[in-house]
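Spelled out from the first residue to the last, the chains are:
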Amino acid sequence: MDEATPRPSTSSDTDSFESGRASPIHGFDSSAALILVPDSEDGPSSSAAFDFSSEDDDTEDESDVQLERLRNSAIPPLSSFSVFLYLLSPYTKLGALVLPSAGLPLKVGVPTLVLFAMLSAFTRQIWYMLARYVRRADLEEIVLETFARGRGKEGRRAALRQLVRLFVGLLRVSVATLYLRFSVDILLPYFPDVLSIPSRVIATVILAAFIAPIYAARSLASRRVVYASWVSVAAYAAWFACTTYMHANRILVPVSEPTSLGKLWHGVPAIAFTFSTSSSVSLYASLKGTVDRVSPKPRRSHSFKLLSILSVAVAVSLTLPLVFFEASPKPPQSPSPSLQMTSAALGAASLLLSAPAIIITTPALPVPYSARRAVSFPLSKVLVYLLPICLSLLPRHVFSVGSDIVVILTFLSTYVVPAFIHITIHNFRRPLSIVIPPATPTVSRPIAPSDSRNDELLQRKERTLQRRRLGRRLIWDIGVWVLLLPIGCGGLVWAVGRELGKW
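Rules used in this analysis
- Counting of residues starts from 1 at the beginning of each chain's written sequence and follows it residue by residue.
- In keeping with the model being predicted, local features are shown solely for residues with a pLDDT of at least 70 and side-chain atom pairs are shown and tallied solely at 80 or more, while totals for entire chains, interfaces and linings include all residues.
- Calculated side-chain values reflect all of the structure's heavy atoms, with hydrogen atoms and water omitted.
- Every helix listed is a DSSP run of H or I at least four residues long, and every strand listed is a run of E at least two residues long, numbered separately from the N terminus.
- Relative accessibility thresholds used throughout: buried, under 20% of the residue-type maximum; exposed, over 50%; partly exposed, between the two (1.4 Å probe, protein chains only).
- The contact rule is simple, with two residues in contact once any of their heavy atoms fall within 4.5 Å.
- Methods summary: accessible areas were calculated by the Shrake-Rupley approach with a probe of 1.4 Å, and residue burial reflects only the protein chains presented.
- Between N-to-C directions, angles cover 0 to 180 degrees, with each direction set by a line fitted to C-alpha atoms, over the stretch in contact for helices.
- Roughly parallel means an angle under 35 degrees; roughly antiparallel, over 145; roughly perpendicular, 65 to 115; everything else is oblique.
- For any helix crossing, the convention is left-handed if the near helix is rotated counterclockwise from the far helix by under a right angle, and right-handed if that rotation is clockwise.
- In this classification, the charged set is Asp, Glu, Lys and Arg, the nonpolar set is Ala, Val, Leu, Ile, Met, Phe, Trp, Tyr, Cys and Pro, and all remaining amino acids, among them Gly, are polar.
- The rule for a salt bridge is simple: a side-chain nitrogen of Lys or Arg has to be within 4 Å of a carboxyl oxygen of Asp or Glu.

Looking now at the overall build of the protein chain. Helix and strand content of the protein chain: 18 helices and zero strands. Across the 503 residues of the protein chain, 48% fall into the buried class. Of all intrachain contacts in the protein chain linking residues separated by at least 6 positions in sequence, the fraction that spans at least 24 positions is 84%. Accessible area for the protein chain stands at about 24800 Å²; split by element, carbon and sulfur atoms hold 64% of it.

Structure follows, in structure tokens:
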């Protein structure tokens, strides 16, 4: 259809769109006013790569190209266990470690943590539905389909592609820098300051050299990266157990004070950063890339929604008690030096071992071809590795301002961007396809009474289905607008005002 009218709802009604694309509507010989289109999610076509199915050879070739591109990317097809690992890992990092020093009362901390956990799962669901709707399991392609769809927009598409890569690369390098800097802050008291070189520089170089072999891996499917990520999550679990033990025995929990972090790392922003996410679309694509096309129906373990909900549930169970620890009265007994060192080592390990997985997925830098030919090693990969090291050595006052900027960027990418894209593509863009019932053919034979009864029954079922979907669409639309306006825009205004000292 060349001309179409935008629908008023902002819902990602993917089932109806996929049914319209996957099921040809011409060729029906029926006098019924409504036709029953099978749900493509229950059929065999849902096991195709990326859940994209079509009878057109061009669409099948395009799906093959996307699958080949996925296999050559930094996040190739992964098993469901690995996808669950990378979905859970961001929740057990820097935000969780600073929760004991967030300074929130219990009546504020608990509902805030539950709220942002639900919002994190909600935004992942938005990305999942956007990928299914545009049939592009890639963040760049989703942005291009939203803001530069159609022919004659090659210049805008190229500019948007570079902008997305710049934003993603900047955010991932910044988060890796935070992890490295905070790891050094935790371990710095245990480094001797006897050399002419500052101990911070020595600690940074040692920790960066420790993760270099892991970063040398090509993708997240490498065993080194997978094992390091599992050890990182296990180190956080051990840190959490150690913290719980000290709290249960009335021992003063050694709080990792964010001395290098800015003013936004206290209170609600710390919880918002704890449940920030990234690579949701890429992980969904990697999960769908492992589904066998011959299989009639994917296994339940390959459900992205299920893995996302499980990761959020596990994260809540590993972070919610920290809010209670912070709100409880301070125990009088101090921890022993060995116990305090153990807690610091586990916290630093949970951050440090997850940094390679973040840097590996950073887009390549636009290095000139002549510079790449002049060296025998991957210059862009080396520069991406050196950037967090250099940035983590910035002066404290400069780094604290940069850390606040990272909090704001992470908040935007997690909670604002998916809602904004969702509303734009469904409210201000033409729908990708429209399901039109076939023209009622001229029937020479009389309509039997049984046909009329079947037609009436089908219409009654359709009206019931539409009422159910209308309720879901209304709830979904309200949730997306609430996420964008009061939470997203309101939180951004508050963060900027707090950074400028207005409140």
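Having seen the model, we can carry on.
A separate point is the packing of helix H5 (residues 106–134) against helix H17 (residues 396–427). Packing of H5 against H17 brings their axes to within 10 Å, and their N-to-C directions diverge by 40°. Classified by the angle between their axes, H5 and H17 sit oblique to one another. At the point where H5 passes H17, the crossing takes the left-handed sense. Here Phe116, Leu119, Ser120, Thr123, Ile126, Trp127, Leu130, Tyr133 and Val134 of H5 come into contact with H17, specifically with Phe411, Thr414, Tyr415, Val417, Pro418, Ile421, His422, Ile425 and His426. Partitioned by chemical class, the residues of the contact of H5 with H17 number 13 nonpolar, five polar and no charged.

Despite not being glycine, Arg250 shows a phi value in the positive range, around 55°. Tracing the chain through its elements places Arg250 in the loop between helix H9 (223–248) and helix H10 (268–274). Even without being a glycine, Ser279 presents a positive backbone phi close to 60°. Residue placement: Ser279 occurs in the loop between H10 and helix H11 (280–288).

Where burial is concerned, most of H11 is hidden: eight out of the nine residues are buried. Looking only at H11, the buried set comprises Ser280, Val281, Leu283, Tyr284, Ala285, Ser286, Leu287 and Lys288.

This part is about the packing of helix H6 (residues 139–147) against helix H7 (residues 154–187). Where H6 meets H7, the closest approach of the two axes is 10 Å, and the angle between their N-to-C directions is 140°. Relative to H7, H6 is oriented oblique. By crossing handedness, the relation of H6 to H7 is classed as right-handed. Residues Leu139, Glu140, Glu141, Val143, Leu144 and Phe147 of H6 form the contact with H7, whose own contacting residues are Arg156, Arg157, Leu160, Arg161, Val164, Arg165 and Val168. Residues that form the contact of H6 with H7 fall into these classes: seven nonpolar, no polar and six charged.

What follows is about the pattern of salt bridges. Counted according to the given criterion, the structure contains five salt bridges. We note a salt bridge from Glu140 to Arg161, for which the minimum N-O separation is 3.0 Å. Taken together, the positions of Glu140 in helix H6 and Arg161 in helix H7 put the pair 21 residues apart, joining distant regions of the chain. A salt bridge links Arg200 to Asp185, with the shortest nitrogen-to-oxygen separation between them at 2.8 Å.

This paragraph deals with the environment of Arg136. Among the structural elements, Arg136 can be located in the loop between H5 and H6. The exposure class of Arg136 is buried, given its relative accessible area of 17%. Sequence separation between Arg136 and Val281 is 145 residues; the distance between their C-alpha atoms is 9.1 Å.

With respect to the helices, strands and loops of the structure, Ser229 is situated in helix H9. Not counting residues up to four positions away in its chain, the partners in contact with Ser229 are Leu85, Tyr86, Leu353 and Ala357.

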